[in-house]
Amino acid sequence: MKHLVVSAITVGALAACSSVPLQTGTDFTYYCERSMHFKVSMGEATAALDGSLGRELLYRDAGGQGPAQRVYSNRKLRAELGLGADERDAVLVYAQPPLTLKCQRLR
């Protein structure tokens, strides 16, 4: 019985670590198509993206479906975060030159 309890706790802990929800004040790293990557630091109303195509300061949009999805944008870039069944997917849409990247957050 003791081993069963320890195993259940271990499995529960691993499951909890498998997908961390997006939180304000947290940094996440994403890897994208075309061997691109970025790191995002989210605040209450802004997100700073730093990656393969430079650094952008984005502002929170009203977009997104549900509390897990967050949308940030500026004139150059729109970032949709918290997509997919496990909320680890993202889409970056650059205005000029036109480019859409599908990305996935590291666990």
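Residues numbered from 1 in each chain as written. Predicted model: local features only at pLDDT ≥ 70, side-chain atom pairs only at ≥ 80, totals over all residues. Heavy atoms only, no water.

Draft legend 1. Structural view of the overall build of the protein. Scanning the protein for helices and strands turns up one helix and eight strands. Order of helices (α) and strands (β) in the protein, N terminus to C terminus: α-β-β-β-β-β-β-β-β. Split into buried and exposed, the 107 residues of the protein put 30% on the buried side. Sequence-distant contacts, at least 24 apart, represent 28% of the contacts inside the protein between residues at least 6 apart. Surface summary for the protein: the accessible area is close to 6800 Å², and the carbon and sulfur share equals 57%. (Helix = DSSP H or I, 4+ residues; strand = E, 2+ residues; numbered from the N terminus. Buried < 20%, exposed > 50% of the residue type's maximum accessible area, 1.4 Å probe, protein only. Contact = heavy atoms within 4.5 Å. Areas by Shrake-Rupley, 256 points an atom, 1.4 Å probe, with all protein chains shown as cover.)

Draft legend 2. Representation of unusual backbone geometry in the model. With an omega of -15 degrees, the peptide bond between Gln 96 and Pro 97 qualifies as cis. Of note, Pro 97 is situated in the loop between β7 (89-94) and β8 (99-105). Even without being a glycine, Arg 34 presents a positive backbone phi close to 60 degrees. As for its placement among the helices and strands, Arg 34 is situated in the loop between β1 (27-32) and β2 (37-42). Residue classification places Arg 34 among the exposed residues on the basis of a relative accessible area of 63%. Phi is positive for Ser 35, which is not a glycine, with a value near 60 degrees. As for its placement among the helices and strands, Ser 35 is situated in the loop between β1 and β2.

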